[in-house]
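# Notes for the structure review
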Amino acid sequence: MHITELDFDLPPDLIAEKPLESRSASRMMHVDRDARTFEDKYFTDVVDHFSNGDLLVINNTKVFPARLLGLTETASSVEIFLIRPLQDRRWEALARPGRRLPIGKRVDFSNELSCRVTDKHHNGTITVQFDAKEDLDTLIDRTGKTPLPPYIHRDRNDPDTDRERYQTVYASKRGAIAAPTAGLHFTPQVLDRLEEKGIQLVEITLHVGYGTFEPVRVVELADHRVQPEHYEIDEVAAATLEKARADGRRIIAVGTTTTRTLETVIVKFGEFRASTGEADLTILPGYRFRAINGLLTNFHLPKSSLLVLVSTFGGHRLIMAAYEHAIAERYRFYSYGDCMFID
């Protein structure tokens with residue numbers, strides 16, 4: 001498939017730059033794959049689409065403040081966006097503007113935290129070595145800002161009001177540089193309603209990394225690969241998932257990150273197995289889903305790997321028609337936007 005087949009024109013005013021006051025007030029499009037239909041609903045209607053015994057799988061990763069705003073020795077403003085931890089207080093990162101940061105350049109973020117550029121890479125990333133007077137994670141949490149996507153605009157001097165809202169209510173394991181945004185709609189009340197209906201909630205972890213939002217840079221999708229991301233599935237989650245699979249019960253994934261993790265494990269082991277490793281599966285047209293029966297997801301950027309996954313699961317023509325309908329009905333798009341339940 002050609003990447004242009006996943007393109008669409010989105011009016012800029014449909015990009016949700018701010019969250020709704022209530023998490024669960026979002027709209028939700030219900031997409032029926034068998035009937036090839038879609039219907040306009042609200043997220044609070046999601047409970048109606050579950051049956052006793054279904055499994056709802058969520059990603060409990062927690063976003064950390066990966067945007068560090070600092071000054072070089074010559075007082076130039078620089079933003080360091082942390083991507084992936086390496087060894088010995090080194091991180092892979094993105095820098096803006098990168099031209100100001102040759103190898104050896106130091107950036108100060110506070111009196112307690114600074115870094116020096118140790119390498120620059122062909123893909124535009126850099127490696128930085130931190131100098132910290134306390135535990136590095138503690139200083140990053142104290143100094144950094146929420147790593148919002150580039151289409152959400154905030155002044156660098158504004159208070160970090162997104163720190164709580166750009167986080168799921170069940171986030172518990174620190175390590176993501178972007179939120180698993182399909183989970184942002186859930187409230188404790190909605191989760192309670194699902195539990196009362198007999199829906200089992202299963203937690204897994206995938207620390208959302210640069211691979212999730214890295215642009216697709218190829219023309220033919222067969223040439224595209226999504227970078228690996230760290231995942232964890234514990235014994236309880238694996239046993240619950242495997243029992244549901246054996247019983248033929250539905251497994252519903254909250255988000256593309258959860259989907260990628262579950263499908264990775266099935267491909268690797270042929271079953272749901274407790275494991276820790278790298279989710280390295282790239283889902284492309286023609287892939288046969290073996291782990292999930294349904295997907296709750298937000299509306300994604302055109303020509304993105306996330307839209308590739310969703311259209312592969314839901315069917316290319318149906319999903320693109322649903323996106324066209326969402327634009328006509330003025331759904332809110334992207335991280336703080338509305339959602340779609342593909343049944």
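Each chain carries its own residue numbering, running from 1 in the written order of its sequence. Totals for whole chains, interfaces and linings use all residues, but because this is a predicted model, local features are given only for residues with pLDDT of at least 70 and pairs of side-chain atoms are given and counted only at 80 or more. Note that the side-chain values use all heavy atoms of the structure and ignore hydrogens as well as water.

## Overview of the nonpolar core
We call a set of buried residues a nonpolar core when its members are Ala, Val, Leu, Ile, Met, Phe, Trp, Tyr or Cys and they connect through side-chain atoms within 4.5 Å of each other. Buried residues are those whose accessible area, probed at 1.4 Å on protein chains only, stays under 20% of the maximum for their type, while exposed residues exceed 50% and partly exposed ones sit between those limits. Judged by nonpolar contacts, the single largest core of 65 residues is most densely connected at Leu-262, Phe-333 and Met-340. By size, the runner-up hydrophobic cluster in this structure holds 25 residues, among which are Phe-81, Trp-91, Cys-115 and Ile-140.

## Describing the layout of surface pockets
When its volume is computed, the largest pocket comes out at roughly 1100 Å³. Cavity: a set of points on a 1 Å grid over the protein atoms alone where a 1.4 Å probe fits but cannot get out. Pocket: an open set with protein on both sides within 12 Å along at least five of seven lines, its lining residues, like those of a cavity, having an atom within 4 Å of a point. Lining the largest pocket are 45 residues, and of these Leu-148, Pro-149, Pro-150, Tyr-151 and Phe-213 sit closest to its centre. Those elements that provide at least two residues to the lining of the largest pocket are strand 6 (77-85), strand 7 (90-96), helix 4 (210-213), helix 6 (256-269), strand 16 (294-298) and helix 7 (305-314). Put simply, Ala, Val, Leu, Ile, Met, Phe, Trp, Tyr, Cys and Pro go in the nonpolar bin, Asp, Glu, Lys and Arg in the charged bin, and everything else, Gly too, in the polar bin. Classifying every residue of the lining of the largest pocket gives 27 nonpolar, 12 polar and six charged. Grid points are joined across faces, edges and corners, and a volume is the space filled by probe spheres set on the points. Considering only enclosed or pocket space, the second largest pocket measures out at about 330 Å³ in volume. Taken together, 19 residues line the second largest pocket, and the ones lying closest to its centre are Ile-83, Arg-84, Pro-85, Gly-175 and His-207. Only DSSP runs of H or I with at least four residues qualify as helices, and only runs of E with at least two residues qualify as strands; both kinds are numbered from the N terminus onward. Counting residues per element, the lining of the second largest pocket draws most heavily on strand 6, which supplies three residues. When its residues are assigned to classes, the lining of the second largest pocket shows eight nonpolar, six polar and five charged.

## What to know about the packing of aromatic side chains
Here is the rule: rings of Phe, Tyr and Trp (six-membered ring for Trp) pair when centre to centre is within 6.5 Å. Planes less than 30 degrees apart are stacked, more than 60 are edge-to-face, and the remainder are tilted. Following the criterion strictly, the structure yields 16 aromatic pairs and no others. Three or more aromatic residues joined by ring pairs make a cluster, and in this case those are Phe-8, Tyr-151, Phe-299, Tyr-323, Tyr-331, Phe-333 and Tyr-334. The ring of Tyr-331 carries the charged tip of Arg-27 above its face, separated from the ring centre by 4.0 Å. Placement of a positive charge over a ring is assigned whenever Lys NZ or Arg CZ falls within 6 Å of the ring centre and within 35 degrees of the normal to the ring plane. The aromatic ring of Phe-313 is capped on one face by Arg-33, whose charged end is 4.1 Å from the ring centroid.

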